[in-house]
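Listed below, chain by chain, are the residues.
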Amino acid sequence: MSVKKQGSKAPSKAGPKVVIRKAKKQFFEDLGREVTVTKPVSFYVADLDKPLSTKYGTIKADDLKKTGVVLSDTKKEFNVFDASFIDKYRRIRRAPQIIPLKDIGVILAFTGVGRDSVVVEGGSGSGALAILLSRYVKKVYSYEVNDEHLEVARENVRSLGIKNIVFAHRSLYAPIKQKAVDLMCLDLPEPWDALGTADKALKPGGFLVSYSPTVPQTQDFVNAVLKHDSFVHLKTVDIIEQEWQVEGRKVRPKSKQIVHSGFLTFCRKIR
Ligand SMILES: C[S@@+](CC[C@H](N)C(=O)[O-])C[C@H]1O[C@@H](n2cnc3c(N)ncnc32)[C@H](O)[C@@H]1O
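None of the values given here were measured: they were computed from a predicted structure.

Which residues make up the overall build of the chain, and what values do they have?
For the chain, the count of helices and strands is 7 helices and 17 strands. For the chain, the spread of C-alpha atoms along the three principal axes comes to 70 × 40 × 35 Å. Residue burial in the chain is summarised as follows: out of 271 residues, 32% are buried. Taking all contacts inside the chain whose residues are at least 6 apart in sequence as the whole, residues at least 24 apart take part in 60%.

Shown next, in the form of structure tokens:
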């Protein structure tokens with residue numbers, strides 16, 4: 001049995017909220033089956049001082065400040081809760097293409113970086129990878145050559161209140177100050193040109209990961225790694241996330257989805 005908690009009287013945090021209306025199904029006897037009468041809807045509400053208008057009615061600004069179940073002016077139920085890190089992360093500004101979460105997850109899991117790790121990454125782009133990494137490691141040094149991208153990345157980091165990312169307006173193809181780094185992540189057009197930088201910055205046993213959307217970039221990068229005395233190539237993978245439609249007995253892969261994002265090449269510094 002589900003217990004409904006009516007929206008708490010005391011306003012919760014003033015930060016952004018997520019407002020969700022669950023899908024509702026109804027059994028129609030003449031049809032002999034359940035029909036979806038309300039589709040699920042979800043809103044990210046940043047301004048809690050304005051009412052939220054939806055096709056299921058308007059929610060008062062005061063109710064948006066609560067947590068729990070609230071009713072619209074048409075007496076429809078909505079669930080309100082504080083936006084989490086990942087809700088806010090999904091709203092960051094995009095400059096260039098960002099690395100998808102599925103690929104970031106594998107970088108974190110495979111390299112095993114943690115709260116004592118120091119990471120160098122670049123280009124910063126929109127800061128998406130740097131932001132996710134910063135949740136798990138001690139410090140992220142993020143390099144970017146493009147002024148506009150750097151500004152977007154900085155703004156995204158500021159908006160999330162993250163303090164352990166240090167940006168540098170410099171190329172990763174030239175030497176950097178950091179030493180004994182645990183992990184270096186490259187999302188660059190010519191990642192092979194950063195091998196000298198990685199060699200000097202990584203500690204022995206440190207990981208080098210390159211993310212490239214295309215086969216020729218991946219091929220040239222791995223060939224350069226194979227020729228380099230300081231690195232071994234561990235593996236190159238392409239992570240396929242297949243989303244499924246699960247509606248009653250209609251359970252099958254979704255017909256439209258993004259299949260390819262990029263290739264991840266994992267290497268290790270051996271000396
Ligand atoms: C695809 S984007 C990176 C996206 C980023 N990984 C993210 O998740 O938001 C590639 C970035 O590399 C930057 N870039 C290109 N050459 C560079 C270099 N030599 N050093 C540092 N950044 C570079 C580009 O300006 C661009 O912003």
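From this point, the discussion proceeds with the structure in view.
I'd love a proper account of the site of the ligand, names of residues and values included.
Looking at the ligand, there are 22 residues lining it, with G123, G125, A128, N146 and D187 nearest. For the shell around the ligand, the class distribution of residues is 11 nonpolar, 9 polar and 2 charged.

Give me the nonpolar core: which residues, what numbers.
Soluble globular proteins tend to pack their nonpolar side chains together in the buried interior. V119 and M184 are the most contacted members of the largest nonpolar core, which totals 48 residues. Broken down by element, the residue count for this core peaks at 6 residues, all from helix 4 (residues 128–134). Excluding residues within four positions of it along the chain, M184 makes contact with V120, E121, A198, A201, L202 and L208. Among the nonpolar cores identified, the runner-up in size contains 8 residues, and L52, L64, V70 and V80 belong to it.

For helix 7 (residues 215–227), give the residues involved together with the corresponding values.
Here helix 7 spans 18 Å end to end across 13 residues, near enough to the 18 Å set by a 1.5 Å rise per residue. Taken residue by residue, helix 7 has Q217, T218, F221, V222 and V225 as its buried positions. On an axial view of helix 7, the arc spanned by its buried residues comes to 120 degrees, and they lie on one face. Away from the buried face of helix 7 by more than 90 degrees, exposed residues V215, P216, N223, L226 and K227 are located. For helix 7, the elements touching its buried residues are helix 6 (195–201), strand 13 (202–212), strand 14 (231–237) and strand 17 (263–269).

The rules we used
- Residues numbered from 1 in each chain as written.
- Predicted model: local features only at pLDDT ≥ 70, side-chain atom pairs only at ≥ 80, totals over all residues.
- Helix = DSSP H or I, 4+ residues; strand = E, 2+ residues; numbered from the N terminus.
- Buried ≥ 20, exposed ≤ 12 C-beta atoms within 10 Å, placed from the backbone.
- Contact = placed C-beta atoms within 7 Å.
- Near = placed C-beta within 6 Å.
- Nonpolar A, V, L, I, M, F, W, Y, C, P; charged D, E, K, R; others polar.
- Core = buried A, V, L, I, M, F, W, Y, C linked by C-beta atoms within 7 Å.
- Expected span 1.5 Å × (residues − 1).
- Arc of directions from axis to C-beta.

It is worth stressing that arrangement in space is one thing and function is another; only the former is reported here.
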